[in-house]
Amino acid sequence: MTGLDIMRDVHVAPSILSADFARLGDQVELVMDAGARVIHVDVMDGHFVPPITIGPLIVEALRDLVHDRGGVLDVHLMIDRPEQRVEEFAAAGADTLIVHWEATPHVHYALKAVREAGLHAGLAINPATPPEAIVSLVDAFDQLLCMTVNPGWGGQPYIETSTAKVVRLRELLGPDKPIEVDGGIDPATAGPAAAAGATLLVAGSSIFGTADPATAYREIAAACGAV
């Protein structure tokens, strides 16, 4: 099953941004043993968003662990000029590579570069970017990520107007294209986001910030009807 096939169903994607990096492999194994099949990797450069996080080396370190369990690495580039880094992340083992509409003047070119590298191309939009901004790019991406918080920091509360935005995005995209939501996803927000049309729900601190990440994952998955 390919990454895009997996994302046609509803899944919860644990975000390693909130994991304990001293035990990263163990924590990824823990949530995958609990049922996770999509592991979300947040890459931040200190420019597009203020924090600096991780890069291709971490993707490469997780590649075999995730792939051997039938999972995919969903890599979210919160970086300026993402088209300049596509080959590095492809070589490291990313399955999907998500670029921000706001991060480059050449977003169509960036998405094309992702597909040419053999990856599924994702387009991300920030909370202030209107849904209609994606219309001219619909044929250029394989999945859409709707930020439900402002990008850059874990643990932020879900922006309530995001639910209506996801509804509108689903209207624009039709029933088949995966819609991902990222930010503030927990057992209370996962259900409404999925009901609005989201098929991939990224959760970080609400999973890895708990004493029992496996149980937290299962609770969120149950709340949104994830497989």
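Above this text is the structure in question.
The present account deals with the structure reproduced in this document.

## Quick notes on the pattern of salt bridges
Phase 1 of the analysis: For the coordinates displayed, the defined rule picks out nine salt bridges.
Phase 2 of the analysis: Among the ionic pairs, Glu-83 bridges to Arg-81, the shortest N-O distance being 2.6 Å.
Phase 3 of the analysis: Its relative accessible area of 11% is what places Glu-83 among the buried residues.
Phase 4 of the analysis: Its salt-bridge partner being Lys-112, residue Glu-116 comes within 2.5 Å of it at the nearest N-O pair. Note that Glu-116 and Lys-112 are positioned in helix H5 (residues 107-116) at a spacing of four residues, about one turn of the helix.

## A word on helix H7 (residues 187-196)
Phase 1 of the analysis: Three or more residues of H7 are buried, namely Thr-189, Ala-190, Gly-191, Ala-193, Ala-194 and Ala-196.
Phase 2 of the analysis: The inward-facing, buried residues of H7 abut helix H6 (162-173), strand S7 (179-182), strand S8 (200-203) and helix H9 (213-224).
Phase 3 of the analysis: Sitting at the head of H7, Asp-186 places a side-chain oxygen 2.9 Å from the backbone nitrogen of Ala-188.
Phase 4 of the analysis: Looking at the residues trailing H7, positive phi occurs at Gly-197, about 130°.

Basis of the calculations
- Residues numbered from 1 in each chain as written.
- Predicted model: local features only at pLDDT ≥ 70, side-chain atom pairs only at ≥ 80, totals over all residues.
- Heavy atoms only, no water.
- Salt bridge = Lys/Arg side-chain N within 4 Å of Asp/Glu carboxyl O.
- Buried < 20%, exposed > 50% of the residue type's maximum accessible area, 1.4 Å probe, protein only.
- Helix = DSSP H or I, 4+ residues; strand = E, 2+ residues; numbered from the N terminus.
- Contact = heavy atoms within 4.5 Å.
- Polar contact = N/O pair within 3.5 Å; in protein donor to acceptor, adjacent residues only side chain to side chain.

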